[in-house]
Amino acid sequence: MEASQFKSLFLPCHHKLYAVAWRLTGNSQAAEDLVQETYLRLWTKRHQIADIENAEAYSISVLRRQFYDVKRANRIQEAALDIGQMAVGASTEIHQRLEAADECERIKRMIAQLPDPQGRVMLMRDVEDKPYKEISAVTGLTEVNIRSILSRARKRIREQIKEMKQ
């Protein structure tokens, strides 16, 4: 796809993209950034998307995916920070505090290394204390699926902790 084709196809969508981005972010600067990131992603994939039927719908879906990818990445980073800053306890012994902080750090790394649905679901349920319905709404998984994924994630973490203590 040539630059002129790209401009004629996607630039008329700018107003609609900005409106959707503003609704998602609630911030004009963040909305502008999101639209720019969307155009960058569209431009890098211009050779693969030469024969799309509805440029506006396609660009909006790219924008939304971009937004949720960034939001998900930020949520995982924030949750990782929360885990790292968990209260270590009111232990009076400094070595006990250090051991507890070290254990929290190891568990944080273990959760971060879990495959995507397991790690994300475990962060939302066990760290952020979100209800199953909310996790279901965010991930698109059924509550039964979430319970199963959570069970597998917890089992994997327990096994890793058991291996560490041996």
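It should be noted that the structure appears before, not after, this text.
Please read all numbers here as calculations on a predicted model, not as lab measurements. (Residues numbered from 1 in each chain as written. Predicted model: local features only at pLDDT ≥ 70, side-chain atom pairs only at ≥ 80, totals over all residues. Heavy atoms only, no water.)

(A) Spotlight on the packing of helix α6 (residues 116–127) against helix α8 (residues 143–165). Running from N to C, α6 and α8 point in directions that differ by 95 degrees, and their axes come no closer than 9 Å. Classified by the angle their axes make, α6 and α8 are roughly perpendicular. Where α6 approaches α8, its residues Pro117, Gln118, Val121, Met122, Arg125 and Asp126 are matched on the opposing element by Ile146, Ile149, Leu150, Arg152, Ala153, Arg154, Arg156 and Ile157. (Axes fitted to C-alpha atoms, helices over the stretch in contact; angles between N-to-C directions. Helix = DSSP H or I, 4+ residues; strand = E, 2+ residues; numbered from the N terminus. Parallel < 35°, antiparallel > 145°, perpendicular 65-115°, else oblique. Contact = heavy atoms within 4.5 Å.)

(B) Representation of the packing of helix α2 (residues 14–25) against helix α3 (residues 28–44) in the model. Packing of α2 against α3 leaves a shortest axis separation of 8 Å and a crossing angle of 130 degrees. What the angle tells us is that α2 and α3 run oblique. Between α2 and α3 the crossing geometry is right-handed. Only Ser28, Ala30, Ala31, Glu32, Leu34, Val35 and Tyr39 of α3 make contact with α2, whose side of the interface consists of His14, Leu17, Tyr18, Ala21, Trp22 and Thr25. Here the contact of α2 with α3 is built from residues that sort into nine nonpolar, three polar and one charged. (Left-handed = near helix turned anticlockwise from the far one by under 90°. Nonpolar A, V, L, I, M, F, W, Y, C, P; charged D, E, K, R; others polar.)

(C) A look at the pattern of salt bridges. Counted by the stated rule, this structure contains four salt bridges. As a salt-bridge pair, Asp116 and Arg120 come within 3.9 Å of each other at their nearest N and O atoms. One end of the pair, Asp116, and the other, Arg120, are both in helix α6, four residues apart, so they sit about a helical turn from each other. In this structure Asp116 comes out as partly exposed when scored by relative accessible area, which is 44%. When its relative accessible area of 15% is taken as the criterion, Arg120 is described as buried. Its salt-bridge partner being Lys130, residue Glu134 comes within 3.8 Å of it at the nearest N-O pair. (Salt bridge = Lys/Arg side-chain N within 4 Å of Asp/Glu carboxyl O. Buried < 20%, exposed > 50% of the residue type's maximum accessible area, 1.4 Å probe, protein only.)

(D) Spatial organisation of the nonpolar core. Among the nonpolar cores identified, the biggest contains 18 residues, and Phe10, Leu17, Tyr39, Leu42 and Leu63 are the most heavily contacted of them. Those elements that place two or more of their residues in this core are α1 (3–10), α2, α3 and α4 (55–84). (Core = buried A, V, L, I, M, F, W, Y, C linked by side-chain atoms within 4.5 Å.)

(E) Representation of the side chain of Ser59. Summarising the element assignment, Ser59 is placed in helix α4. Of note is the side chain of Ser59, whose polar atom sits 2.9 Å from the backbone oxygen of Glu56. Residue contacts for Ser59: discarding those within four places in its chain leaves Phe10, Cys13, Leu17, Thr38 and Leu42. (Polar contact = N/O pair within 3.5 Å; in protein donor to acceptor, adjacent residues only side chain to side chain.)

(F) Just the packing of aromatic side chains, in detail. Throughout the structure, instances matching the rule amount to three aromatic pairs. On the numbers, 5.0 Å between centres and 45 degrees between planes, the contact of Phe6 with Phe10 is tilted. Linking Phe6 with Phe10, this pair stays in helix α1, spanning four residues, or about one helical turn. A relative accessible area of 7% means that Phe6 is categorised as buried. Pairing Phe67 with Tyr68 gives two aromatic rings, centres 5.1 Å apart and planes at 70 degrees, and the pair type is edge-to-face. Residue Phe67 is classed as buried on the basis of its relative accessible area, which comes to 13%. Through pairs of rings, three or more aromatic residues link up here, namely Phe6, Phe10 and Trp43. In this structure, Arg46 is placed above the aromatic ring of Trp43, and the distance from its NZ or CZ to the ring centre is 3.9 Å. When the ring centre of Tyr132 is taken as origin, the NZ or CZ atom of Arg147, which lies over that ring, is 4.0 Å away. (Phe/Tyr/Trp six-rings, centres within 6.5 Å; stacked < 30°, edge-to-face > 60°. Lys NZ or Arg CZ within 6 Å of the ring centre and 35° of its normal.)

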